[in-house]
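What follows is the residue order along each chain.
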Amino acid sequence: MSGSPFRIATRKSPLALWQAEHVAKRLRAAHPGMAVELLPLSTRGDEVLDRSLAAIGGKGLFLKELEIALAADQADLAVHSLKDVPAQLAPQFELAAILARADCADAFVSNDFATLDDLPRGARVGTSSLRRTAQLRARRPDLAIADLRGNVGTRLAKLDRRDYAAIILAVAGLERMGLGTRIRSRLAPPEWLPAPGQAAIAVEVRRGDTRVIEPLGVLDDAATHRGVAAERALNAAMGGDCTMPLGAWCETLADGSWRLYGLLGDVRDGRILRAEARGDDPVALGGEVARQLREQGADALLAGRA
């Protein structure tokens, strides 16, 4: 396949570069002769590490510079962790492909303890996620939960120097970096819910750019795309806020239908609202789970966030 190289905008973190190179390899394999090159960029989300993501505007800060490169035609596509992509994209962009999802569970990582329940009272646990914080407070209100920023290697280094008794990361990120042996136990759905779209890699493009969109079709995994559509529909129905302590997980049932689990937590007291729905329409599922959460008081919980 000849023509101009496909330029992939990506963050500079090791995990982001792994994901972008994974997309590049898949494209080269599917389209022999295609030239693909990476355009590593630094984002505000990577640069500001002394404050929580919620304090500086949420996960969408990992996208802005990549989208600027797309809009300026400096890049043809951008590769993201789908969990970092806001529920509503700017109208000039679209997601052209979502790759097959890896293990969406969270990972309990500790040098001294095998499980979350093994931690002693008052143990310090690191996470940058409000969703994880709320679920930690619900399950272990005695723990001291502290903010943890930086890339995977930086977070593990902080654990290794005893800043924390344990940290919570994504299983998929650790396994993609060859660090699966650091996982002591999995915090898995439906009991513990991941972020909407967690463990899926998304490819963002300029809307209607068929030169780029058509070759990307071979990367799209239909089952993953449909499942995460339900999770993202729930996020959108709840307001699409990347700083919201919201968990979501959609599973395929034996009869081919889908079940969506949703969770909204309170990071202050660990109160958890849960709902689930079953059906065939991902968007409708997201709306139904959001309706159930609101019936339980989700709006009041969100209004009371500090």
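Here we summarise the structure given alongside this text. (Residues numbered from 1 in each chain as written. Predicted model: local features only at pLDDT ≥ 70, side-chain atom pairs only at ≥ 80, totals over all residues. Heavy atoms only, no water.)

What about helix α9 (residues 222–237)?
1) Next: Look at α9: 22 Å from first C-alpha to last across 16 residues, which is about the 22 Å you get at 1.5 Å a residue.
2) Next: Buried residues of α9: T224, G227, V228, A230, E231, R232, A233, L234 and N235, and no others.
3) Next: Tucked inside the fold, the buried residues of α9 contact β4 (93–98), β11 (246–252), β12 (258–265) and α10 (282–295). (Helix = DSSP H or I, 4+ residues; strand = E, 2+ residues; numbered from the N terminus. Expected span 1.5 Å × (residues − 1). Buried < 20%, exposed > 50% of the residue type's maximum accessible area, 1.4 Å probe, protein only. Contact = heavy atoms within 4.5 Å.)

A closer look at the packing of α9 against α10
1) Next: Where α9 contacts α10, the axes come no closer than 7 Å and their chain directions differ by 40°. Judged by the inter-axis angle, α9 sits oblique to α10. As α9 packs across α10, the resulting crossing turns out to be right-handed. Contacts from R226, A229, A230, A233, L234 and A237 in α9 reach P282, V283, G286, G287, V289, A290, L293 and R294 in α10.
2) Next: Of the residues contributing to the contact of α9 with α10, the split by class is 10 nonpolar, two polar and two charged. (Axes fitted to C-alpha atoms, helices over the stretch in contact; angles between N-to-C directions. Parallel < 35°, antiparallel > 145°, perpendicular 65-115°, else oblique. Left-handed = near helix turned anticlockwise from the far one by under 90°. Nonpolar A, V, L, I, M, F, W, Y, C, P; charged D, E, K, R; others polar.)

Let's talk about the nonpolar core
1) Next: Membership of the largest hydrophobic core comes to 20 residues, with the highest contact counts inside it found for L234, M238, L246, L260, L264, V289 and L293.
2) Next: Listed by contribution, the elements that provide at least two residues to this core are α9, β11, β12, β13 (272–279), α10 and α11 (298–303).
3) Next: The leading source of residues in this core is α10, at four residues.
4) Next: Contact partners of L260, with chain neighbours within four places excluded, come to A230, E231, L234, W249, C250, A275, E276, A277, L285, G286 and V289. (Core = buried A, V, L, I, M, F, W, Y, C linked by side-chain atoms within 4.5 Å.)

Observations regarding the packing of aromatic side chains
1) Next: Taken as a whole and assessed by the stated rule, the structure comprises one aromatic pair.
2) Next: With a centroid separation of 5.5 Å and an interplanar angle of 20°, the aromatic rings of W249 and Y261 are classed as stacked. With W249 in strand β11 and Y261 in strand β12, this residue pair connects regions lying 12 residues apart in the sequence.
3) Next: Take Y261: its relative accessible area is 12%, and that puts it in the buried class. (Phe/Tyr/Trp six-rings, centres within 6.5 Å; stacked < 30°, edge-to-face > 60°.)

Remarks on the sheet that holds strand β1 (residues 6–11)
Sheet strands line up and pair through hydrogen bonds in the backbone, either parallel or antiparallel.
1) Next: Across the sheet, which stays open at both edges, the five strands sit in the order β2-β1-β3-β10-β4 with mixed pairing between neighbours. Two strands in the sheet have a free side with no partner beyond their single neighbour: β2 (36–41) and β4. Taken over all neighbouring pairs, the strand axes of this sheet differ in orientation by 30° on average, direction set aside.
2) Next: Taken together, the six bridges between β1 and β2 define a ladder with parallel strand orientation. Pairing of A9 across the sheet is with L39, part of β2. (Pairing = 2+ DSSP bridges.)

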